[in-house]
Amino acid sequence: MTLISFVVPAFRVQGYLRECLDSILGQPVADIEVIGVDDCSPDDSGDILDEYAARDDRVRAVRLDRNVGLGPARNAGLDRAVGEYVWFVDGDDWLVPDCLAEVAARLRATRPDVLIVDHVRAHWDDTVTRSAMAEVFPEPPGPVTFRLRDRPEALELLHTAWNRLLRRVFLADVGLRFAPGWYEDVSFSYPALLAAERIGVLDVVCVNYRQRRAGAITRTRGDRHFEVFEQWHRVFRELDRLGAEELRSAVFERMMWHCLTVLGNGNRIAPELRPTFFARVAIEHARLRPPGGHRVPGGVAGLKHRLVAAGRWRTFSALRATSRAGEAARRVAGRVRRRVVPPARFTVRAARDTALRGYHRVESRRPLDDNLAVYAAYWYRGYACNPAAIFEAARRLAPQVRGVWIVRRDRVHTMPEGVEYVVAGTAAYHRLLARARWLVNNVNFPDSMRKRPGSVHVQTHHGTPVKVMGLDQQRYPLGAVGMDFAGLLRRVDRWDFSVTSNSFSTQMWERAYPAAYTTLEVGYPRNDRLVTATTDEVLRLRAELGAGLGEQVVLYAPTHREHLPGYRPPFDPERFLDALGPSGLLLMRSHYFHDRDRGPRRPAGPARIRDVSDHPRVEELYLAADVLVTDYSSAMFDYAVLDRPIVVYAPDWDMYRLTRGVYLDITVEAPGPVVRTFAELLDLFRSGEHAVACDQARARFRERFCALEDGRAAERVVRRVFLGETG
């Protein structure tokens, strides 16, 4: 018999759902099932569930034909569960590795109706907050069970569904199901404790309760938070039905704590709704107060109880304002104590920078230029990537918009003829940033730039991510040395649009860069050229690179290792060229970060080895190449558009995965052959198998990552962003 049925509801959790499912399926317990319920989610959560169900027979995917909400979605999973116990795990949370072994052992040893497990709050800034388990149970109960009347303090543990496992037959016997609406956990978890004959507590952290920066109900203001009152009405109706009168006082105290917690949360109750919410709390206090009285907490909490009982909103509000003012004053004092004011060192450069910042502020007071768009790529390295493709499409489809590029002074010579530009750091640069209506970049603009109301920032990115990015890098500090994550989020908050090339990228960016932007999942504009290029254009590009007819052109493009400065994969160009044979041409392209290197360039080798690191348009190299050899670079996702052979050369995969972190096991889901040593790479090319192997793998890869690449991605961005078309 299946021991545990996991019910995982999914609605707008595409960025987190894979981590959730992996954390369950990777546990060292075999007798489980996972029932994923797609609550008619508008994102790709349902497709992710289908994907997991197709490759793991422990997973069943359920698609609801309409959005019913978290509670009814859980009921849909419960109806299909066959396990002895049911564990409702939310799709954006995840389990602690190996925790299930201890959970299963406790279930088998004690057979509780309800087993409560410990959790931590995992915040988006990679900090962790412990639960109240240690305060509620200073002495862990151990492997015993109890009834709630014997340990009523169990009510003080967080009342969620995901921190407890419930015996499925017990739920059926008692008739417990989730109610619709917000705060659905309240009317399920408390009655379950009231009805249970055997409650267990496992003081082992099992759940990471994700505290999302954006998109969580607990951070959404609105009047739906008033639904908490009806959920508590259901609790008291269940209390009466179950005959648990001796627990009425303890349940009432918990209700008051919960309602006052909701009222005090500015992320939930807007200022204009606070008086009304307070009035409802006062009404419920009078309606549900136990006839024999109840315990009033001490201190400020007790004062709040008495003010609610008396209906004194003004005094209650003043108390809150005084408390918040005191907290703010303490924070300011702390910052003042920590601040170290450096001595004033006015140099010519400092004075110039100060003047330019002042000029920027002045220009920022002038109206936006509604016909001005600014473009940039790779920290002002020049004309490239998705911004260049969007620029070209905008010139054709929105000619009324003047497009101006920002470029570093040392890269001015790379700008195409006829493209208007300004040099970074000049007065013209500051004027451009201050006045432009549209700002398009494949990285972020500097921190010093403030987003103006009415301006539109388009983040195009510059690749499908294999390695972890953004906030996810906090878990892999070796690859995030010197990163300012708070500053990163301030930059992300400027985005209005995020352009993605496939559903996978959308999912990963959503969790790596949580904010309120709109995702444009339209394909990558820079890849349009790969789709629309003609045979004559390809032949011309090959000729410019020195490739004759019949020659096999291999492009080798490894990625950058932030955690290993100066690292280069073991790759001997001359030996590789020998393996290619007399009709081979090797193009070598380093990551764009390597233009920062200060060391001497490698001496030129044979004529059939070309260093193309400075080539301005990588798309042209893709078009010219017959084969791509790469490691963990996003180049493979772009090159796959051409449906040509790709070889993954991953000499340091194990170390890279553990230290840098990855979203995708590219050795398992590769678009072509995978080799781990240089000797294997040479053997692959000597045999010619690189050109004929893995056609099915490449087809699957293209279906997953390249389905949107039809040559019109840039047009879709221009029509949505510049022309306002939404159809």
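Only a predicted model underlies this, so the values are computations on that prediction, with no experimental measurement involved. (Residues numbered from 1 in each chain as written. Predicted model: local features only at pLDDT ≥ 70, side-chain atom pairs only at ≥ 80, totals over all residues. Heavy atoms only, no water.)

Participant: Where do I start with the packing of helix α10 (residues 274–288) against helix α11 (residues 299–310) in this structure?
Facilitator: Describing two packed helices takes the angle between their axes plus the distance from one axis to the other. Between α10 and α11, the shortest axis-to-axis distance is 8 Å and the interhelical angle comes to 85°. As the angle between them shows, α10 and α11 are arranged roughly perpendicular. The residues of α11 that touch α10, namely those facing F278, V281, A282 and H285, are H305, L307, V308 and A309. Looking at the contact of α10 with α11 residue by residue, the class counts come to 6 nonpolar, 2 polar and no charged. (Axes fitted to C-alpha atoms, helices over the stretch in contact; angles between N-to-C directions. Helix = DSSP H or I, 4+ residues; strand = E, 2+ residues; numbered from the N terminus. Parallel < 35°, antiparallel > 145°, perpendicular 65-115°, else oblique. Contact = heavy atoms within 4.5 Å. Nonpolar A, V, L, I, M, F, W, Y, C, P; charged D, E, K, R; others polar.)

Participant: Can you walk me through empty space enclosed by the protein in this structure?
Facilitator: Regions of empty space are outlined by a rolling probe, equal in size to a water molecule, passed over the atoms. Applying the stated criterion across every chain yields a total of 3 cavities of 30 Å³ or more. Of the voids in this model, the largest cavity is the one considered here, and its volume is about 70 Å³. Taken together, L439, N441, V443, N444, F445, H457, V458, Q459, R491, R494 and W495 form the lining of the largest cavity. For the lining of the largest cavity, the secondary structure elements donating two or more residues are β13 (436–441) and β14 (456–459). Per-element accounting of the lining of the largest cavity gives the leading share, 3 residues, to β14. For the lining of the largest cavity, a count of residues per class yields 5 nonpolar, 4 polar and 2 charged. (1 Å grid on protein atoms, 1.4 Å probe; cavity = no way out; pocket = protein on both sides within 12 Å on 5 of 7 lines; lining within 4 Å. Points joined across faces, edges and corners; volume = space filled by probe spheres on them.)

Participant: What am I meant to see in the packing of aromatic side chains here?
Facilitator: Two aromatic rings, taken as a pair, are described by how far apart their centres are and by the angle between their planes. Per the stated rule, a full pass over the model turns up 35 aromatic pairs. Where F6 meets W87, the ring centres are 5.3 Å apart and the plane angle is 25°; that geometry is what we call stacked. Note that F6 is positioned in strand β1 (residues 4–10) and W87 in strand β4 (residues 85–88), a separation of 81 residues in sequence. Summarising the burial analysis for this pair, F6 and W87 share the class buried. (Phe/Tyr/Trp six-rings, centres within 6.5 Å; stacked < 30°, edge-to-face > 60°. Buried < 20%, exposed > 50% of the residue type's maximum accessible area, 1.4 Å probe, protein only.)

Participant: I'm lost on helix α4 (residues 99–110) in this one. Help?
Facilitator: Side chains that are three or four residues apart share a direction in an α-helix, a result of its 3.6 residues per turn. The end-to-end C-alpha distance of α4, which contains 12 residues, comes to 17 Å, matching closely the 16 Å that a straight helix rising 1.5 Å per residue would cover. Looking only at α4, the buried set comprises C99, L100, V103, A104, R106, L107 and T110. Projection of α4 onto a plane perpendicular to its axis shows the buried side chains occupying an angular sector of 165°, all on one side. (Expected span 1.5 Å × (residues − 1). Arc of directions from axis to C-beta.)

Participant: Quick question: what am I supposed to make of the pairing of strand β15 (residues 497–500) here?
Facilitator: A regular strand places its side chains so that they alternate between the two faces of the sheet. Residues F497 and V499 point to one face of β15 and S498 and T500 to the other, with burial holding for every one of them. Bridging between β15 and strand β16 (residues 518–521) involves 4 bridges; their strand directions are parallel. Bridge pairing in β16 places F497 opposite T518. This β-α-β element, β15 to helix α17 (residues 503–512) to β16, shows right-handed connectivity. (Pairing = 2+ DSSP bridges. Right-handed = clockwise from strand over helix to strand, strands pointing away.)

Participant: Would you mind showing me how to read the sheet that holds strand β20 (residues 627–630) here?
Facilitator: Remark on secondary structure: sheet strands pair via backbone hydrogen bonds, oriented parallel or antiparallel. Taken in spatial order, the 6 strands make up an open sheet running β19-β18-β17-β20-β21-β22, and their pairing is parallel. Pairing within the sheet leaves two strands with one partner each, and these edge strands are β19 (609–611) and β22 (674–675). Note that strand β17 (residues 552–557) and strand β18 (residues 584–588) share 5 bridges and pair parallel. Paired with V554 across the strands is L586, a residue of β18. Contacting β17, β18, β19 and β20, helix α20 (residues 573–580) runs over the sheet at an angle of about 145° to β18.

Participant: So what exactly am I meant to see when it comes to the confidence of the model for the protein chain here?
Facilitator: Looking at the protein chain, pLDDT values average 90 and 93% of them are 70 or higher. Note on residues 337–345: pLDDT is under 50 here. Beyond four places in sequence and across chains, it has 1 contact. Below pLDDT 50 for its whole length, residues 592–605 participates in 18 contacts with residues either more than four positions away or in separate chains. (pLDDT = per-residue confidence, 0-100.)

Participant: I'm lost on the pattern of salt bridges in this one. Help?
Facilitator: Where charged atoms of side chains with opposite charge meet at close range, the side chains can pair. Counted by the stated rule, this structure contains 60 salt bridges. Between R108 and D31 there is a salt bridge whose closest N-O contact spans 2.7 Å. Pair noted here: R108 is in helix α4 and D31 is in the loop between α1 (17–25) and β2 (32–38), with a separation of 77 residues, a long-range link. Using a relative accessible area of 42% as the deciding quantity, one classes R108 as partly exposed. For D31, a relative accessible area of 24% gives the class partly exposed. Put simply, E197 and R147 hold a salt bridge, and the shortest N to O gap is 3.4 Å. Of this pair, E197 sits in the loop between α7 (186–195) and β9 (199–211) while R147 sits in the loop between α5 (133–136) and β8 (164–167), placing them 50 residues apart in sequence. Judged by its relative accessible area of 26%, R147 is partly exposed. Via salt bridges that share partners, E19, R210, D472, R475 and R511 belong to a single interconnected network. (Salt bridge = Lys/Arg side-chain N within 4 Å of Asp/Glu carboxyl O.)

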